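In case you want the letters, here they are:
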Amino acid sequence: GAYPLLNFIPVAALAGIMLVVVMHTFKWFSVSMVVAALLPGSIREKLGPRFQRKAPRVEVFVIFIVTLLSNWPAGTNIAYAVGVGVAICAINYAWKSGKTFTWRESVGEDGTKYYDIE
C-alpha cells in the first residue's frame, strides 16, 4: 500500500490541509445562530437582523455537552459524548411531543376507563 509513503509527508503539511478543509466546509453563519441562542430576545432585537435567526437552546446545550464530554473527563471519548447528546435530544423530543397530545377520558357502562388520544 501507500502507507510507507506517508512517512515522507510532514505532519505540519497534513495539519495545514486539515485546517483548510475545515475552513471551507464549516458553515460560518451558524456561529451567529449559536450566539443568538445564548442571548435574550431584547438584546437580539437591538443587534439587528443578523441575530434574529437562532438555534434552539437545547441544541446549543447539546453541542457544548458533547464537546465537553469528548475531551473531559479522562476515559471518555467521542462515542460516549455522542451517546449522551443523542439521549438528551431524545428526552427533549419526547418532552415536546408529550405537550402536543390531548386526551379524553371516558368510562364505559361496565366501569372500564377509555382514553382517546388525539
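Refer to the preceding data block for the structure.
All figures in this text were calculated on a predicted structure; none of them were measured in a lab.

Draft legend 1. Seen up close, the packing of helix α3 (residues 29-38) against helix α5 (residues 57-71). Between α3 and α5, the shortest axis-to-axis distance is 9 Å and the interhelical angle comes to 110 degrees. Between α3 and α5, the crossing angle belongs to the class labelled roughly perpendicular. When you trace α3 past α5, the crossing you get is left-handed. Touching Val34, Ala37 and Leu38 of α3 are Arg57, Val60 and Phe64, all from α5. Class assignment of the residues belonging to the contact of α3 with α5 gives a composition of 5 nonpolar, no polar and 1 charged.

Draft legend 2. Layout of the pairing of strand β1 (residues 103-107). Counted residue by residue, β1 has 0 buried out of 5 residues, so it is predominantly exposed. Where β1 meets strand β2 (residues 113-117), 5 bridges bridge the pair, whose relative direction is antiparallel. Residue pairing across strands places Trp103 opposite Ile117, the latter belonging to β2. The loop that links β1 with its antiparallel partner β2 comprises 5 residues; one of these, Gly111, has a positive phi angle of about 90 degrees.

Draft legend 3. Layout of the packing of α5 against helix α6 (residues 78-100). Direction vectors running N to C along α5 and α6 enclose 160 degrees, while the axes themselves pass 8 Å from each other. As summarised for this structure, α5 and α6 are arranged roughly antiparallel, according to the angle between their axes. In this structure, α5 meets α6 at a crossing whose hand is right-handed. Between α5 and α6, the contacting residues are Val58, Phe61, Val62, Ile65, Val66, Leu69 and Ser70 on the first element and Ile78, Ala81, Val82, Val84, Gly85, Ile88, Cys89 and Asn92 on the second. Among the residues making up the contact of α5 with α6, the classes are represented as 12 nonpolar, 3 polar and no charged.

Thresholds applied
- Residues numbered from 1 in each chain as written.
- Predicted model: local features only at pLDDT ≥ 70, side-chain atom pairs only at ≥ 80, totals over all residues.
- Heavy atoms only, no water.
- Axes fitted to C-alpha atoms, helices over the stretch in contact; angles between N-to-C directions.
- Helix = DSSP H or I, 4+ residues; strand = E, 2+ residues; numbered from the N terminus.
- Parallel < 35°, antiparallel > 145°, perpendicular 65-115°, else oblique.
- Left-handed = near helix turned anticlockwise from the far one by under 90°.
- Contact = heavy atoms within 4.5 Å.
- Nonpolar A, V, L, I, M, F, W, Y, C, P; charged D, E, K, R; others polar.
- Buried < 20%, exposed > 50% of the residue type's maximum accessible area, 1.4 Å probe, protein only.
- Pairing = 2+ DSSP bridges.

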